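Close look at the chain arrangement
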Amino acid sequence: DAKTTQPPSMDCAEGRAANLPCNHSTISGNEYVYWYRQIHSQGPQYIIHGLKNNETNEMASLIITEDRKSSTLILPHATLRDTAVYYCIVSPPNTGNQFYFGTGTSLTVIP
Amino acid sequence: GAVVSQHPSWVICKSGTSVKIECRSLDFQATTMFWYRQFPKQSLMLMATSNEGSKATYEQGVEKDKFLINHASLTLSTLTVTSAHPEDSSFYICSARDQGRTYEQYFGPGTRLTVT
């Protein structure tokens, strides 16, 4: 079962930062936080992951609270192409460990 | 990132027939692959974990005799939907984690199955 909860939907103005929260209060010590997004009728796309430090890549930034019970994905300058369902997943970093998806957040970027 | 492909991208079949969906890791080896099903406006639901050279592990409530999984090599897993019914119509997605990089899970583009 999914160990994360996310708001079902959010809107963001184009060009502004989109901040997507995720609660994972039962996360275990060896579990990473992964973020993916899914554009309609496509497979999920990897965005970013982290353990306890904040992370940044070319797509987004990931802020993890000190107690690791929640995190926020930040898209610094949202574009219309960022409209998608965003999923936050926690899982150990092993090849055999499954991902259990929650309901995700449907982000709509508004022109 | 690593690439996972699926074939076919969409398929229509008649009730009672079987359909095979292929999942390939194109530029990495995967001892473990995963199969998901997604109904319209719903999240991805994990169906099974496919292990190279051994039997798949099915999630609770998934019929193993209906959804046959074969992981014959380090780059190929197949899902066969046997005796398909209209309620099996769904979006089927596979994924794999690269042995060399144990963090990200890479997803295929999905296969849309419609059973008439």
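Quick note: structure is the one above.
Residues numbered from 1 in each chain as written. Chains lettered and ligands numbered in written order. Predicted model: local features only at pLDDT ≥ 70, side-chain atom pairs only at ≥ 80, totals over all residues. Heavy atoms only, no water.

**Examining the overall build of chain A**
Within chain A one finds zero helices and nine strands. Put simply, chain A runs from its N terminus to its C terminus through helices and strands in the order β-β-β-β-β-β-β-β-β. At 13 Å, chain A has a C-alpha radius of gyration in line with the 13 Å of a compact globule built from 111 residues. Each principal axis of the C-alpha atoms in chain A carries an extent, and together these give about 40 × 30 × 25 Å. Nonlocal contacts in chain A, meaning residues at least 24 apart in sequence, comprise 57% of its contacts between residues at least 6 apart. A total accessible area of about 5500 Å² is found for chain A, and carbon and sulfur atoms account for 49% of it. Charge separation in chain A, taken as the distance between the mean sites of 7 positive and 9 negative side-chain charges, equals 2 Å. (Helix = DSSP H or I, 4+ residues; strand = E, 2+ residues; numbered from the N terminus. Rg over C-alpha atoms; globule rule 2.2 N^0.38 Å. Contact = heavy atoms within 4.5 Å. Areas by Shrake-Rupley, 256 points an atom, 1.4 Å probe, with all protein chains shown as cover. Lys, Arg positive; Asp, Glu negative; His and termini not counted. Charge placed at Lys NZ, Arg CZ, Asp CG, Glu CD.)

**What to know about the sheet that holds strand β8 (residues 76-81) of chain B**
Think of a sheet as strands paired side by side through backbone hydrogen bonds, with each pair either parallel or antiparallel. Residue and element names in this part refer to chain B. Pairing is antiparallel across the open sheet formed by four strands, whose spatial order is β1-β3-β8-β7. The open sheet has two free edges, formed respectively by β1 (4-7) and β7 (67-73), since each of these has just one partner strand. Strand-to-strand, the axes of this sheet are offset by a mean angle of 20°, without reference to chain direction. For β7 and β8, the ladder comprises five bridges, and the chain directions are antiparallel. When the sheet's bridge partners are listed, F67 is paired in β8 with V81. (Pairing = 2+ DSSP bridges. Axes fitted to C-alpha atoms, helices over the stretch in contact; angles between N-to-C directions.)

**Regarding the interface of chain A and chain B**
With 24 residues of chain A in contact, the opposing surface of chain B contributes 24 residues. Between chain A and chain B, roughly 1800 Å² of surface is buried when both sides are summed, and carbon and sulfur atoms account for 55% of that area. The tally of links from chain A across to chain B stands at zero salt bridges. Here chain A and chain B share seven residue pairs in polar contact (both at pLDDT 80 or more) between them. Elements supplying a minimum of two residues to the side of chain A that touches chain B: β3 (32-38), β4 (45-50) and β8 (84-91) of chain A. Tallied by class, the residues present in the side of chain A that touches chain B amount to 11 nonpolar, 13 polar and no charged. (Buried area = accessible area lost by both parts, 1.4 Å probe. Salt bridge = Lys/Arg side-chain N within 4 Å of Asp/Glu carboxyl O. Polar contact = N/O pair within 3.5 Å; in protein donor to acceptor, adjacent residues only side chain to side chain. Nonpolar A, V, L, I, M, F, W, Y, C, P; charged D, E, K, R; others polar.)

**A few points about the pattern of salt bridges**
Residue and element names in this part refer to chain A. Per the counting criterion, the structure on display carries four salt bridges over all chains. E31 serves as the salt-bridge partner of K3, at 2.8 Å between the closest nitrogen and oxygen. Highlighted residues: K3 in the segment before β1 (9-13) and E31 in the loop between β2 (18-23) and β3, separated in sequence by 28 residues. Overall, the relative accessible area of 30% leaves K3 in the partly exposed class. (Buried < 20%, exposed > 50% of the residue type's maximum accessible area, 1.4 Å probe, protein only.)

**A few points about unusual backbone geometry**
Note that the residue after H7 of chain B, namely P8 of chain B, is joined by a cis bond; omega there is 0°. Tracing the backbone through its elements, the reader meets P8 of chain B in the loop between β1 and β2 (10-13). Notably, S41 of chain A is not glycine yet its phi reads approximately 60°, a positive angle. Among the secondary structure elements, S41 of chain A is positioned in the loop between β3 and β4. You will see that S83 of chain B, though not glycine, has its phi angle at about 45°, which is positive. Within the fold, S83 of chain B resides in the loop between β8 and β9 (90-97).

**Overview of the pairing of β2 of chain B**
All names here are of chain B. Alternating positions in β2 separate cleanly, V11 and C13 being buried on one face and W10 and I12 remaining unburied on the opposite face. Pairing between β2 and strand β11 (residues 111-115): four bridges, direction parallel. Among the inter-strand pairings, C13 is bridged to a residue of β11, identified as V115.

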